[in-house]
Amino acid sequence: MKLETIEARRSPIHGMGVFALKRIPRGTQVIEYKGKRVKWDPNREKKNGHTELFHVTHTHVLNPRWQGNIARYINHSCAPNCEAVQEGEQIFIYAIRDIQPGEELFYSYGLVLGRRFTRDDVHRYLCRCGSAKCRGAMLSIPPSRRAQVKRWARQFAQS
Ligand SMILES: C[S@@+](CC[C@H](N)C(=O)[O-])C[C@H]1O[C@@H](n2cnc3c(N)ncnc32)[C@H](O)[C@@H]1O
Ligand SMILES: [Zn+2]
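Residues numbered from 1 in each chain as written. Chains lettered and ligands numbered in written order. Predicted model: local features only at pLDDT ≥ 70, side-chain atom pairs only at ≥ 80, totals over all residues.

## Comments concerning the nonpolar core
We apply this condition: Core membership is restricted to buried Ala, Val, Leu, Ile, Met, Phe, Trp, Tyr and Cys residues, and these are joined into a nonpolar core through C-beta atoms within 7 Å. Three exposure classes are used, based on other C-beta atoms lying within 10 Å of a residue's own C-beta, which is placed from the backbone: buried for 20 or more, exposed for 12 or fewer, and partly exposed in between. Every helix listed is a DSSP run of H or I at least four residues long, and every strand listed is a run of E at least two residues long, numbered separately from the N terminus. Note on contacts: each residue gets a C-beta atom placed from the backbone, and two residues are in contact if those atoms are within 7 Å.
Membership of the largest hydrophobic core comes to 21 residues, with the highest contact counts inside it found for I6, V30, I74, C82, I93 and L105. Put simply, the parts of the chain that give this core at least two residues each are β2 (16–20), β3 (29–33), β6 (60–63), β9 (90–95) and β10 (106–107). In terms of residue count, the dominant contributor to this core is β3 (three residues). Once you skip the residues sitting within four places of it in the chain, I74 turns out to touch V18, I93, L105, F106 and Y107. One finds C129, A137, I141 and W152 within the second-largest nonpolar core, a separate group that totals 15 residues.

And the structure:
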């Protein structure tokens, strides 16, 4: 897909986001998520979080700080219009429904921490997507913990 089909600019959800400039039909491969392939450092998650990093193997991630493109600015939504698909060791963002000009692009991050997430994690990865289906956090949440996460997220939103 040509780059002038999307642009990065400020988002009402958080910081920068990526927006459609033209209609993007469902099924379109919108952009490759680019980044330098580097070894995964589990200590990094503790310091900075890891929403920018994409695992391509158990041991390696793509880090868009180097060799990245505007795909790094795509925000998370619990009701996304895109999905991230791994093909070999590359990640591509596909439209999962028709997207109209001006709409912000989102995929669901579904972050996996490699351990049981805590209330603090929900605070750290709190979701502000605003969708009616919002799960409360940018984490991968098993059905058995959905009510708990929603409750915690409501408490954080009120405090
Ligand atoms: C890959 S970046 C996306 C681009 C980001 N908006 C920026 O300006 O750099 C991921 C970060 O954006 C923020 N973010 C993305 N989606 C969000 C959401 N639905 N709710 C709250 N924060 C979000 C979080 O701070 C997350 O760590
Ligand atoms: Zn949400």
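## Here we look at helix α3 (residues 146–158)
Note the following rule: A helix is expected to reach a length of 1.5 Å times the quantity of its residues less one. Directions drawn from the helix axis to the C-beta atoms are what define this arc.
Here α3 is 13 residues long and its end C-alpha atoms lie 19 Å apart, about the 18 Å a rise of 1.5 Å per residue gives. Of the residues making up α3, those classed as buried are V149, W152 and A153. Down the axis of α3, the buried set is contained in an arc of 100°. They therefore lie on one face. The outward face of α3, more than 90 degrees from its buried face, is lined by the exposed residues A147, R151, R154, Q155 and Q158. Structurally, α3 contributes buried residues whose contacts are with α2 (119–124).

## Side note on the domain arrangement of the protein chain
Convention followed: Domain start and stop points were drawn from an automatic or database domain assignment. Residues are grouped as follows: nonpolar covers Ala, Val, Leu, Ile, Met, Phe, Trp, Tyr, Cys and Pro; charged covers Asp, Glu, Lys and Arg; every other residue, Gly included, is treated as polar.
Domain boundaries assigned for the protein chain yield domain 1 (1–109) and domain 2 (111–159). Computed over C-alpha atoms only, the centres of domain 1 and domain 2 are separated by 20 Å. Facing the ten residues of domain 1 at the interface are eleven residues of domain 2. Across the side of domain 1 that touches domain 2, the residue classes tally to four nonpolar, five polar and one charged.

## Some thoughts on the pairing of β6
On a regular strand, each side chain points to the face opposite its neighbour's, so the side chains alternate between the two faces of the sheet. The criterion, for reference: For two strands to be treated as a pair, DSSP must find no fewer than two bridges joining them.
As paired strands, strand β4 (residues 36–39) and β6 are joined by four bridges and run antiparallel to one another. Its bridge partner lying in β6, V38 is registered against V61. Examined bridge by bridge, strand β5 (residues 54–55) and β6 share two bridges and lie antiparallel to one another. Counted as the bridge partner of H55 is V61 from β6. Taking the residues that link successive antiparallel strands as the turn, the β5-β6 hairpin has four residues.

## Section: the site of ligand 1
Our working definition: By definition, a residue lies near a molecule or strand when the C-beta atom built from its backbone is within 6 Å of it.
Around ligand 1 sit 18 residues, and of these G15, M16, T51, N75 and H76 come closest. For the shell around ligand 1, the elements supplying multiple residues, two or more each, are β2 and β7 (75–76). Its residues placed into classes, the shell around ligand 1 shows six nonpolar, nine polar and three charged. Taken domain by domain, the makeup of the shell around ligand 1 includes at least three residues from each of domain 1 (1–109) and domain 2 (111–159).

## Quick word on the environment of Q67
With respect to the secondary-structure elements, Q67 resides in the loop between β6 and β7. With 11 C-beta atoms packed within 10 Å, Q67 lands in the exposed category. A sequence separation of 24 residues divides Q67 from I91, and the C-alpha atoms of the two residues are 14 Å apart.

## A few points about the sheet that holds β3
For the record, the criterion: Lines fitted to C-alpha atoms define the axes here, with helix axes fitted over just the stretch in contact, and angles between the N-to-C directions of these axes take values from 0 to 180 degrees.
Here three strands make up an open sheet; going across it, the order is β3-β9-β8 and the pairing antiparallel. On the outer flanks of this sheet lie β3 and β8 (82–87), each paired with one strand and no other. In this sheet, adjacent strand axes meet at a mean angle of 30° when their direction is disregarded. By the bridge criterion, four bridges tie β3 to β9 in an arrangement that is antiparallel. The residue of β9 that forms the bridge with E32 is F92.

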